[in-house]
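Inside the fold
The residues making up each chain are set out below.
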Amino acid sequence: MPPFLKRAIPTSVLSGPSVHWVLFEVCCSEESLLSAWFEAQGHTALRFGLPEHDLLEQATVDNIVDLALAVTQQHCPLMLWFSLPCSPWCSWQRVNLKVGSANLRDRIYRDRESGLQLMWAVVEILHRVLPASSHAFAVFEWPRWCEGWQQEPAAYILESLPLIVDVDGCAFGLSGDKGLVYKPWRWLTNCRSLEPLGQWVCTRDHSHQQCRGKVASQSAFLSLIHISEPTRLRRIS
């Protein structure tokens, strides 16, 4: 398992060869790389994404909570990882809402309403799982300038996940076909051992290519584990 995650769990919990991490990746694809990486390291990963798992349905929320509590009752360290769709809140939508067609504006408003419902579902899961176990950890990941952070549910997510970790893609070596990609991420978490990763930020001494295509959906965690050392590193005092 990643050393910084291992340090987040008390030694007594990790003792014994049979103990391993369980990852719940929520709102992910059926072939998500994050879950695949956890499985390749010998740990357990469960994906909760469309079409089988719709977070807009209460039954899905209840299922995630029940399974999470079952895992923690076995004293297994659990990581809940939330990567909700951020497209309804991207900066381009401000332009679309001003100059787009009526149909486009209606679609954006519908997507934002669904986005808010997804955020409230995350709030419920966190409130039901985290207080029940000291072995439960979570990360809520979004681009740093996503307008979704300004929505009401985000404040409640921050209450459950009070640590803010900002990382930049280029510091991890995230790149496309034309160079480094800036892609500023923000993690909300209750895992203190993730805090030092906030040192990995852009040094502002290089150019960036536009963030599009596959790199636009790349997770910060995947960038971290695929590169042994950051290509750019600046310590924040």
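Here goes a summary of the coordinates provided. (Residues numbered from 1 in each chain as written. Predicted model: local features only at pLDDT ≥ 70, side-chain atom pairs only at ≥ 80, totals over all residues. Heavy atoms only, no water.)

Taking strand neighbours across the sheet as the criterion, the six strands line up as β2-β1-β3-β4-β8-β5 in an open arrangement whose pairing is mixed. Of all strands in the sheet, those with a lone pairing partner are β2 (44–48) and β5 (163–168), marking the two edges. Mean inter-strand twist for the sheet, computed between neighbouring axes without regard to direction, equals 20°. Looking at chain direction, strand β1 (residues 22–26) and strand β3 (residues 78–82) are connected through five bridges and run parallel. Bridged to Val22 within β3 is Leu78. Against the sheet, helix α4 (residues 58–73) engages β1, β2, β3 and β4 (136–143), with an angle of about 165° to β1. (Pairing = 2+ DSSP bridges. Helix = DSSP H or I, 4+ residues; strand = E, 2+ residues; numbered from the N terminus. Axes fitted to C-alpha atoms, helices over the stretch in contact; angles between N-to-C directions. Contact = heavy atoms within 4.5 Å.)

With that out of the way, let us pick up the nonpolar core. By size, the foremost hydrophobic cluster in this structure holds 35 residues, and its most contacted members are Phe24, Leu55, Phe82, Ile125 and Phe140. For this core, the secondary structure elements donating two or more residues are β1, α4, β3, α6 (102–129), β4 and α7 (152–160). The leading source of residues in this core is α6, at eight residues. Within the second largest apolar cluster, 20 residues are counted, among which are Trp37, Val139, Leu194 and Trp200. (Core = buried A, V, L, I, M, F, W, Y, C linked by side-chain atoms within 4.5 Å. Buried < 20%, exposed > 50% of the residue type's maximum accessible area, 1.4 Å probe, protein only.)

Counting across every chain of the model gives eight aromatic pairs. Seen from their ring centres, Trp120 and Tyr156 are 5.5 Å apart, and the 50° between their planes marks the pair as tilted. Separated by 36 residues along the polypeptide, Trp120 in helix α6 and Tyr156 in helix α7 bring together distant segments of the chain. Judged by relative accessible area, Trp120 falls into the partly exposed class, the value being 35%. (Phe/Tyr/Trp six-rings, centres within 6.5 Å; stacked < 30°, edge-to-face > 60°.)

Before going further, it helps to spend a moment on the pattern of salt bridges. If the charged atoms of two oppositely charged side chains come close together, the side chains can form a pair. Under the defined criterion, the tally for this structure stands at nine salt bridges. The salt bridge partner of Asp62 is Arg128, with a shortest N-O separation of 2.8 Å. Of this pair, Asp62 sits in helix α4 while Arg128 sits in helix α6, and the two are 66 residues apart along the sequence. The shortest N-O distance in the salt bridge between Glu147 and Arg94 comes to 2.1 Å. Note that Glu147 is positioned in the loop between β4 and α7 and Arg94 in helix α5 (residues 92–99), a separation of 53 residues in sequence. When its relative accessible area of 45% is taken as the criterion, Arg94 is described as partly exposed. One continuous salt-bridge network, built from bridges that share partners, spans Arg144, Asp166, Asp168 and Arg186. (Salt bridge = Lys/Arg side-chain N within 4 Å of Asp/Glu carboxyl O.)

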